[in-house]
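Listed here are the chains, written in short residue letters.
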Amino acid sequence: MRNFRKLNVWQNGISIVKRIYRLVELLPENEKYGLRSQICRAAISVPSNIAEGCGRNTDADFRRFLDIALGSLFELETQLIIMVELKYVNGVKMNDLVDLVHQEEKMINSLITKLKANREQLKS
């Protein structure tokens, strides 16, 4: 069992959630049950799936949860683009957050690659 709290990828995911919660305060009230709810769920899904995967018994299970977290990041990135397109937030203000999302995507991909390499080593 892995300690998810020590993983940089999980810590980064928590940072994204905190930034998202501050960002959605800029959304109009009529988006409370639409975009606001959806974007918060996608953001929360990232560190939650990383943590859940850490509790699984095999690297294959962990990878599956990392894949889900990665999908949630792509969903989140899409929702951030929608916020800019609808002019709810200035695109320049969004750049740092999008960079953080891209960093998280790279970290998850790197961890998936490492887990796959470990599996290949065990087969040899």
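Position numbers for residues count from 1 along each chain, tracking the sequence in the order it is written. Thresholds applied to this predicted model are a pLDDT of at least 70 for local features of residues and 80 or more for the giving and counting of side-chain atom pairs; totals over whole chains, interfaces and linings are not thresholded and use all residues. For the side-chain quantities, the full set of heavy atoms in the structure was used; hydrogens and water were omitted.

**Considering the overall build of the protein**
Working step 1: Across its full length, the protein carries four helices and zero strands.
Working step 2: Strands here mean DSSP runs of E at least two residues long; helices mean DSSP runs of H or I at least four residues long; both are numbered from the N terminus. Order of helices (α) and strands (β) in the protein, N terminus to C terminus: α-α-α-α.
Working step 3: The principal-axis extents of the C-alpha atoms in the protein amount to approximately 55 × 25 × 20 Å.
Working step 4: Exposure categories follow from relative accessible area, calculated using a 1.4 Å probe and restricted to protein chains: below 20% of the type maximum is buried, above 50% is exposed, and the middle band is partly exposed. Of all 124 residues assigned to the protein, the portion counted as buried reaches 40%.
Working step 5: Taking the intrachain contacts of the protein between residues at least 6 apart in sequence as the baseline, contacts between residues at least 24 apart amount to 74%.
Working step 6: Counting only carbon and sulfur atoms, one obtains 53% of the accessible surface of the protein, whose full area is about 7400 Å². When checking whether two residues touch, look at their non-hydrogen atoms; a contact exists if any pair is within 4.5 Å. Exposure was quantified through the Shrake-Rupley algorithm and a 1.4 Å probe, taking into account, for residues, occlusion by the shown protein chains and nothing else.

**What about the pattern of salt bridges?**
Working step 1: Salt bridge, as applied in this entry: a Lys or Arg side-chain nitrogen positioned within 4 Å of an Asp or Glu carboxyl oxygen. Tallied over the entire structure, the rule returns three salt bridges.
Working step 2: Note that Arg 56 is salt-bridged to Glu 52, the shortest N-O span being 2.7 Å.
Working step 3: Between Arg 64 and Asp 61 there is a salt bridge; the shortest N-O distance is 3.8 Å. Taken together, the residues Arg 64 and Asp 61, both in helix H3 (residues 59–85) and three residues apart, mark about one turn of the helix.

**What to know about the nonpolar core**
Working step 1: Counting residues in each nonpolar core, the largest one holds 35 residues, and the members touching the most others are Ile 20, Leu 76, Leu 80, Met 83 and Ile 108.
Working step 2: Counting residues per element, the ones that place at least two in this core are helix H1 (8–23), helix H2 (35–54), H3 and helix H4 (91–123). Among the buried residues, those of types Ala, Val, Leu, Ile, Met, Phe, Trp, Tyr and Cys that are joined through side-chain atoms within 4.5 Å form a nonpolar core.

**A short note on the packing of aromatic side chains**
In this description, an aromatic ring pair is defined by two values, namely the gap between the centres and the angle between the planes.
Working step 1: Note on aromatic pairs: the rings of Phe, Tyr and Trp (six-membered ring only in Trp) are paired at centre separations within 6.5 Å, and the planes decide the class, stacked below 30 degrees, edge-to-face beyond 60, tilted for the rest. Going through the model one piece at a time under the given rule, you end up with one aromatic pair.
Working step 2: Where Phe 4 meets Trp 10, the ring centres are 5.1 Å apart and the plane angle is 70 degrees; that geometry is what we call edge-to-face.

**Structural notes on unusual backbone geometry**
Working step 1: If you check the backbone angles, Lys 87 has positive phi at about 60 degrees while not being a glycine.
Working step 2: For Lys 87, the position within the fold is in the loop between H3 and H4.
Working step 3: Residue classification places Lys 87 among the exposed positions, given a relative accessible area of 72%.

**Some details on the packing of H1 against H3**
Working step 1: Interaxial angle, 0 to 180 degrees, is taken between N-to-C directions of lines fitted to C-alpha atoms, where a helix line uses only the stretch in contact. Running from N to C, H1 and H3 cross one another at 25 degrees; their axes reach a closest spacing of 13 Å. Compared by their axis directions, H1 and H3 come out roughly parallel. Between H1 and H3 lies a crossing whose hand is left-handed. Two secondary-structure elements touch here, H1 through Ile 16, Ile 20 and Leu 23 and H3 through Leu 73, Leu 76, Leu 80 and Met 83.
Working step 2: Only Asp, Glu, Lys and Arg are considered charged in this grouping, and only Ala, Val, Leu, Ile, Met, Phe, Trp, Tyr, Cys and Pro are considered nonpolar; every other residue, Gly among them, is considered polar. The residue inventory of the contact of H1 with H3, partitioned by class, reads seven nonpolar, no polar and no charged. Roughly parallel here means an angle under 35 degrees, roughly antiparallel means over 145, roughly perpendicular means 65 to 115, and every remaining angle is called oblique. Helix crossings fall into two classes, left-handed where the near helix is turned counterclockwise from the far one by less than a right angle and right-handed where it is turned clockwise.

**So, the environment of Pro 28**
Working step 1: With respect to the element layout, Pro 28 can be found in the loop between H1 and H2.
Working step 2: Note: C-alpha distance between Pro 28 and Tyr 88 (60 residues apart in sequence) is 8.0 Å.
Working step 3: Beyond its immediate chain neighbours, meaning those up to four positions away, Pro 28 contacts Arg 36 and Tyr 88.

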